[in-house]
Each structure stands twice: as structure tokens, then as C-alpha cells.
Amino acid sequence: MRELGRIAVYTQSRITHAEALIELKKAKNVTKEERNTIKKYLELARQAYTEELAVEEANDDFYHKLITNRNIYKVNVRLEEQNAAMASTIPEKRKHLYKAMVNAQKAIFLGEMKIPSAYFESTKSKIRELTIKKFIDRGDY
């Protein structure tokens, strides 16, 4: 019976994560309202994974706990990307992009092989552009 409960929590967290990714994929010209909707789905996915993590800790299931932690980091990458897009200042945008990269590196460390190195290069490029814009704005001031 304990295993059945774990599988139910496992399934629910995967479904919630999939719904969040579907919402992210559907968004074309992303408005602030759409970003808030996407963030809510991602936060629900993180919450579901956190509940799954609690069940796995109670069952002392190291293998599934590792997978769940990796999935939490993957959700956090998407959340930080949304936070960066919604941030109003350049330092906030940069902070969230750095957090997204850190979470991606943690997911890779835990065995996620689907995050390509091009993701890191494009994120670094965005951070570089924001830094240049910050200094140009400061120079103009």
C-alpha cells in the first residue's frame, strides 16, 4: 500500500510538470499574465515534487529521491527564467539568469543529460548583453 501511495504522488508530480511545460510551449508572444500563469503551473510542479520528496524520504528511497531532486532543479530552471523575464531591473534579471544556470548545473550533476551546452552559452550571452546594457545606461546617465 505504501508503494501505491508513492506511485500516486509520483504520477501527479509528473502530470503537473507536463502541464507546466505545455503552458510554456503554448505561449507565443508572452504577456505578463501568461508569464504569471506559467509561473503558477511551475510552482505547482515544484510543490508536487516537494511532496514526492517527502514521501521518498519517509520511505528512505535514495534512488527516487535523487531523481526527484533532479526534477526540482529542472523546474527551478524554468521558474528562474520566468522570473528573469518578469524582472524590472537589469541586476534582478542577471541574478535570476545566474540562478537558472546554477539549477541547470545541479540537475546535470544529478544525472540530467538533456540540458545542452548551448543553453549555457545562450544564457551567458544574455547575461553579457544585460551587463553591457547596464554600463551603457550608466554611461548615458
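Below is a short write-up of the structure. This one's a predicted model, so the numbers in the text were calculated from it and none came from an experiment. (Residues numbered from 1 in each chain as written. Predicted model: local features only at pLDDT ≥ 70, side-chain atom pairs only at ≥ 80, totals over all residues. Heavy atoms only, no water.)

1. Here's the deal with the pattern of salt bridges
Alright, step 1. Per the stated rule, a full pass over the model turns up seven salt bridges.
Alright, step 2. Its salt-bridge partner being Glu-23, residue Lys-26 comes within 3.1 Å of it at the nearest N-O pair. Here Lys-26 and its partner Glu-23 are both found in helix α1 (residues 2-26), three residues apart, which amounts to about one turn of the helix.
Alright, step 3. Asp-137 is paired through a salt bridge with Lys-133; the nearest N and O atoms lie 3.0 Å apart. Of this pair, Asp-137 and Lys-133 both sit in helix α5 (residues 117-140), four residues apart, which is roughly one turn of the helix.
Alright, step 4. On the accessibility criterion, Asp-137 (37% relative accessible area) is partly exposed.
Alright, step 5. One network of salt bridges, in which partners are shared, links Arg-70, Lys-74 and Glu-112. (Salt bridge = Lys/Arg side-chain N within 4 Å of Asp/Glu carboxyl O. Helix = DSSP H or I, 4+ residues; strand = E, 2+ residues; numbered from the N terminus. Buried < 20%, exposed > 50% of the residue type's maximum accessible area, 1.4 Å probe, protein only.)

2. Some details on the side chain of Asp-61
Alright, step 1. Here Asp-61 is to be found in the loop between α2 (32-59) and α3 (62-86).
Alright, step 2. Look at Asp-61: it is buried, it has no salt bridge, and the nearest opposite charge is Arg-6 at 4.1 Å.
Alright, step 3. Beyond its immediate stretch of four places on either side in the chain, Asp-61 contacts Arg-6 and Glu-56. (Lys, Arg positive; Asp, Glu negative; His and termini not counted. Contact = heavy atoms within 4.5 Å.)

3. Points about the environment of Lys-106
Alright, step 1. Residue position: Lys-106 is located in helix α4 (residues 90-109).
Alright, step 2. Separated by 37 residues in sequence, Lys-106 and Asn-69 place their C-alpha atoms 9.1 Å apart.

4. Some details on the nonpolar core
Alright, step 1. Of all hydrophobic cores here, the largest spans 13 residues; its most connected members are Val-77, Leu-97, Ala-104, Ile-115, Tyr-119 and Phe-120.
Alright, step 2. Top contributing element to this core by residue count: α4, with six residues.
Alright, step 3. Core analysis: the second largest hydrophobic core is formed by ten residues, Ala-20, Ala-27, Ile-72 and Val-75 among them. (Core = buried A, V, L, I, M, F, W, Y, C linked by side-chain atoms within 4.5 Å.)

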